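Per-entry structural report
What follows is each chain in one-letter form.
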Amino acid sequence: MTIRTTFPSGADECAAWLTLPDRPGPHPGVVLVHGGGATHEMMLAQYEKWFAQAGFGVVAFDFRHLGESGGQPRQLVSQRRYAEDVDAALDFARSRPELDPHRIALWGTSFGASHVLAAAARHHDLRAAVVQCPVFSGRAVVSRAGVRHLLRLTAPIAADLTRAALRRPRRYVPLVGKPGEPAFVNQPGALEGWQSVMPPGYRFDNRITAASGLGMLFYNAASAAPRVRCPLLVCACDHENLIDPAIAGRVAATAPGAVLKRYDADHFTVYHPPAVEQIVADQIDFLTAHLTPDA
């Protein structure tokens, strides 16, 4: 059973989805954190279903400024605001009578892994955290396209900062594009990969405020790894095509209690069979061990 609801974050509301197992509660809970610029509609439903079937109550949400959540301007990517949203989602999960507030875990995919790692470093009462195809450094993604690509983004970023200061309509750039296009992410296969996680007929708002890229360039969640105290499962892809896969290995090596598992997949095939079946099975085993849902 899935309940469409909301919870407050800052001055706005985050759209949220609470999915419960078909058994009496209170249940251990897992809060899902989606990837950069993505929304709940982009493949989170399959994880809600699988985790609920395994006995976990699941909270999913859209970050502010994205999807069905509030917030202006639209398509603003803010690490500070997203950290507030994750904290608000945890508060919401702990407030629900259907969930056990002492058995809560975080799960994050892609750039959402950064938010999970940073939150796990702040919240030492978390029982566990799971990340898959993790992007722990925004700079590492953008810089992979080279210096020329970074220079092409300078003018849009400067224009957007000026517009924001003058309270004028924001300057946007594409979030993802083909190689050579002036998008923040333009690695080979990235656009097709983004499209592969969209449901039929879904209209993806493929843009972000240009100044959002400034925050992405200076966001390095990997530095929080030594402060993570809960058990952490890092599910990395052997053929990662957005970021150097060695970063995931370094995070797993420096986070106390971390476990690293590798999969024969890239950043986008990890969401599809056969890779997704193995990775979710491993995640359920890990969460079961640390959240101990009732049999």
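Right above here is the structure, for reference.
Residues numbered from 1 in each chain as written. Predicted model: local features only at pLDDT ≥ 70, side-chain atom pairs only at ≥ 80, totals over all residues. Heavy atoms only, no water.

1. Digging into the sheet that holds strand 9 (residues 232-237)
Our working definition: Here, a strand pair is defined by DSSP locating no fewer than two bridges between the strands. Counting from the N terminus, the helices are the DSSP runs of H or I reaching at least four residues and the strands are the DSSP runs of E reaching at least two. Axes, fitted as lines to C-alpha atoms, cover a helix only where it is in contact. Angles between the N-to-C directions of the axes lie from 0 to 180 degrees. It only takes one pair of heavy atoms within 4.5 Å for two residues to be counted as in contact.
Spatial ordering of the open sheet is given by 1-2-4-3-5-6-9-10, a layout of 8 strands whose pairing is mixed. In the strand order of this sheet, the two ends are held by strand 1 (2-9) and strand 10 (258-263), each with one partner. This sheet shows a mean twist of 20 degrees between the axes of neighbouring strands, independent of strand direction. Pairing geometry for strand 2 (residues 12-19) and strand 4 (residues 57-61), over 4 bridges, is antiparallel. Considered in strand 4, the bridge of Trp17 is made with Ala60. Sheet strands touched by helix 3 (residues 112-122): strand 3 (27-33), strand 5 (99-109), strand 6 (128-132) and strand 9. Its angle to strand 5, the strand with the most contacts, is close to 140 degrees.

2. Thoughts on helix 10 (residues 275-291)
Where we set the bar: The span one expects for a helix is its residue count, reduced by one, times 1.5 Å. The buried label applies to any residue whose accessible area, calculated with a 1.4 Å probe on protein chains only, is under 20% of its type's maximum; exposed applies above 50%, and partly exposed to all values in between.
Taking 1.5 Å of rise per residue, the 17 residues of helix 10 would be expected to cover 24 Å, and the 24 Å separating its terminal C-alpha atoms lies within 8% of that figure. Among the residues of helix 10, Ala275, Val276, Ile279, Val280, Asp282, Gln283, Ile284, Phe286, Leu287 and Leu291 are the ones counted as buried. Residues of helix 10 that are buried make contact with strand 3, helix 1 (44-53), strand 5, strand 6, strand 9 and strand 10. Positive phi appears at Thr292, one or two residues downstream of helix 10, with a value of about 40 degrees.

3. Observations concerning the packing of aromatic side chains
Worth spelling out the cut-off: Whether two aromatic rings pair depends on their centres lying within 6.5 Å, for rings of Phe, Tyr and Trp, where Trp uses its six-membered ring; planes under 30 degrees apart make the pair stacked, over 60 edge-to-face, and the rest tilted. Whether a charge sits over a ring comes down to the Lys NZ or Arg CZ being within 6 Å of the ring centre and within 35 degrees of the ring normal.
Inspection of the entire model under this criterion finds 10 aromatic pairs. For the ring pair Trp194 and Phe268, a centre distance of 5.7 Å and an interplane angle of 50 degrees mean the geometry is tilted. Of this pair, Trp194 sits in helix 7 (residues 190-196) while Phe268 sits in the loop between strand 10 and helix 10, placing them 74 residues apart in sequence. Each member of the pair, Trp194 together with Phe268, is buried. When the ring centre of Trp17 is taken as origin, the NZ or CZ atom of Arg4, which lies over that ring, is 5.1 Å away. Lying over the aromatic face of Tyr172, Arg207 brings its terminal NZ or CZ to 4.1 Å of the ring centre.

4. Topic: helix 9 (residues 246-254)
Rules: Working definition: the arc comes from the directions between the helix axis and the C-beta atoms, pointing outward to the latter.
Taken together, the buried positions of helix 9 are occupied by Ile247, Ala248, Val251 and Ala252. End-on, the buried residues of helix 9 take up no more than an arc of 135 degrees, which puts them together on one face.

5. What to know about the side chain of Arg103
To keep it simple, the criterion reads: Counted as a polar contact is a pair of N or O atoms within 3.5 Å, where, for protein atoms, one must be capable of donating a hydrogen and the other of accepting one, and residues adjacent in sequence contribute only when both atoms are in side chains.
One can find Arg103 in strand 5. Of note is the side chain of Arg103, whose polar atom sits 2.8 Å from the side chain of Asp100. A distance of 2.8 Å separates the side chain of Arg103 from the backbone oxygen of Thr292, its partner in a polar contact.

Don't take any of this as a statement about function, it's just geometry.
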